[in-house]
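Take a look at the letters that make up each chain.
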Amino acid sequence: MLSNHVSSSATPYRGRFAPSPTGPLHFGSLVSALASYLDAKQQQGSWIIRIEDVDGTRCNARFSEQIIDTLNSYGLHSDEPIRVQSQHHNLYEQQLSKLKQQQIVFPCNCTRQSLAKHNGSHPNKCQSNLDKPHSWRLQTSPVIYEYQDRIQGRLVFSDDLKNNCPVLKRKDGFFSYQLAVVVDDHLQNISHLVRGADLIETTAQQLHLYHLLGWTAPNLCHIPLITNHQGDKISKQNHAKPIENNHLPTLLRALHYLKIDLISPTSITEALSLAIEAWDPSKLQGIKDLPLEEQDLHFI
């Protein structure tokens, strides 16, 4: 068992928000951005924006510009130049090459149809032909990881890596989120992650990659998700509406879901300043999700 393979609290705080430009910023993403921003600023840390556009089939530079403009309109400015994943494919290739040298990745021609009989998971072996289009998958093992999440509590991943060999590079040549996010967070010296609870399911694979590459993972914290009345996450996939730029009432409603209710701030700048002081992630402990209230249904 590998326990607490994450940054210590003594590490200088460097947080980030990393949206994928598959559409404009929506209300759920604003809540996530605020949580990561408030956590960083309350600890006098740096907060960095990164554009995760490694998936060239779904991302659009137009949305990158819109997302950044919206974040800036809410006073959420990156403390460093914004990193764009699509400009760094060579760095992901370098780390993939290291994993190839360790013989812990393998080529794969499997299709979704061929994996259906294994419930979508990879059986940890396949007959691959390098002359045909192939992905590169990570060879996994029954390693157990655990860490202490400030909101979710103690999390243990015991079966998440069994018969689940994640793709690191796709057949079409694009790198996967799993590899790119680990490489970027390491190279940017990200020490703390505050992100949505939907990403908990990816955590075991990311911790495994950190271990294999000899790196220390960031301190991890997962906030509850904003959901609709059907219990589904508010997301671009569920056609969440773009939020209005520079709109104080929208900011105040987003803070409300983070258990911060401010009394009549007159500007976004004032609201952010008060919210930094009021931010307390322990207030979100024990909460599975955050259903949209009636007055906020216009956000979906």
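Residues numbered from 1 in each chain as written. Predicted model: local features only at pLDDT ≥ 70, side-chain atom pairs only at ≥ 80, totals over all residues. Heavy atoms only, no water.

Strand order across the open sheet formed by 3 strands is E2-E3-E4, with parallel pairing between neighbours. Each having just a single partner strand, strand E2 (14–17) and strand E4 (83–84) make up the two edges of the open sheet. Here E2 runs beside strand E3 (residues 46–51); their pairing, made up of 4 bridges, is parallel. The residue of E3 that forms the bridge with Arg 14 is Ser 46. Those strands touched by helix H5 (residues 177–187) are E2, E3 and E4, and its axis lies near 145 degrees from that of E3. (Pairing = 2+ DSSP bridges. Helix = DSSP H or I, 4+ residues; strand = E, 2+ residues; numbered from the N terminus. Contact = heavy atoms within 4.5 Å. Axes fitted to C-alpha atoms, helices over the stretch in contact; angles between N-to-C directions.)

A few words on the sheet that holds strand E6 (residues 135–138). Strands sit in the order E5-E6-E9 across an open sheet of 3 strands; the sheet is antiparallel. Edge positions in the sheet fall to strand E5 (105–108) and strand E9 (167–169), since each of these pairs with one other strand and no more. Each strand of the sheet is rotated relative to its neighbour by a mean of 40 degrees, with strand direction disregarded. Across 4 bridges, the pairing between E5 and E6 is antiparallel. Bridge pairing links Phe 106 to Arg 137 in E6. Together, E5, E6 and E9 form the strand contacts of helix H3 (residues 89–101), whose direction differs from that of E9 by roughly 125 degrees.

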